[in-house]
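Structural characterization, general
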Amino acid sequence: QVQLVESGGGLVQAGGSLRLSCAASGSISSISNMVWYRQAPGKQRELVAGITSAGSTSYADSVKGRFTISRDNVKNTMYLQMNSLKPEDTAVYYCNFLLRRTYYSDYGNYWGQGTQVTVSS
């Protein structure tokens, strides 16, 4: 069984910072891409940032220059450093890993349960 557990969400004033973490546990052989998504009330889930196994990163235009994604391959953990937060960043943030449980198995998508980020104006 593989579990992704997110942490670090909360309430912050505009201009503040938060650091999200997503840690995978269980039987894992390797993790390929790691991605952060978010979903605001009444809106579709959107991609925020992604990082490949080689460390290449990509960001949504709305967060470029403010958010930084990183990963620790030893700890099977992904991070999202969020600075200069805006009220429009308010959403539930979800992590997604593309991983395989054994060397011989196929890669599959796994999701975290979500963590709430609320930015007050």
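Here the structure is shown first, and the text comes after it.
A brief structural summary. What you see is a predicted model; the values in this text were computed from it and never measured.

If you check the backbone angles, Asn 76 has positive phi at about 50° while not being a glycine. Within the secondary structure, Asn 76 sits in the loop between strand S7 (67-72) and strand S8 (77-82). Its identity as a non-glycine residue notwithstanding, Ser 84 has a phi of 50°, on the positive side. Within the secondary structure layout, Ser 84 lies in the loop between S8 and strand S9 (91-100).

Time to look at the state of the cysteines. A complete count under the given rule lists one disulfide for this structure. Each sulfur of the disulfide joining Cys 22 and Cys 95 lies 2.0 Å from the other. On the sign convention where negative is left-handed, the bridge of Cys 22 and Cys 95, at about 55° about the S-S bond, is right-handed. In this pair, Cys 22 is assigned in strand S3 (residues 18-26) and Cys 95 in strand S9, connecting sequence segments 73 residues apart.

Burial along strand S11 (residues 115-120) is one-sided: the residues Thr 115, Val 117 and Val 119 are buried and none of Gln 116, Thr 118 and Ser 120 is. Sheet topology note: the strand S2 (residues 10-13)/S11 ladder contains four bridges and is parallel. Looking at the pairing, Leu 11 lines up with Thr 118 of S11. Where S9 meets S11, three bridges bridge the pair, whose relative direction is antiparallel. Along S11, the bridge assignment pairs Tyr 93 with Thr 115.

Thresholds, definitions, all that
- Residues numbered from 1 in each chain as written.
- Predicted model: local features only at pLDDT ≥ 70, side-chain atom pairs only at ≥ 80, totals over all residues.
- Heavy atoms only, no water.
- Helix = DSSP H or I, 4+ residues; strand = E, 2+ residues; numbered from the N terminus.
- Disulfide = S-S within 2.5 Å.
- Buried < 20%, exposed > 50% of the residue type's maximum accessible area, 1.4 Å probe, protein only.
- Pairing = 2+ DSSP bridges.

What is shown is where atoms sit, not what they do.
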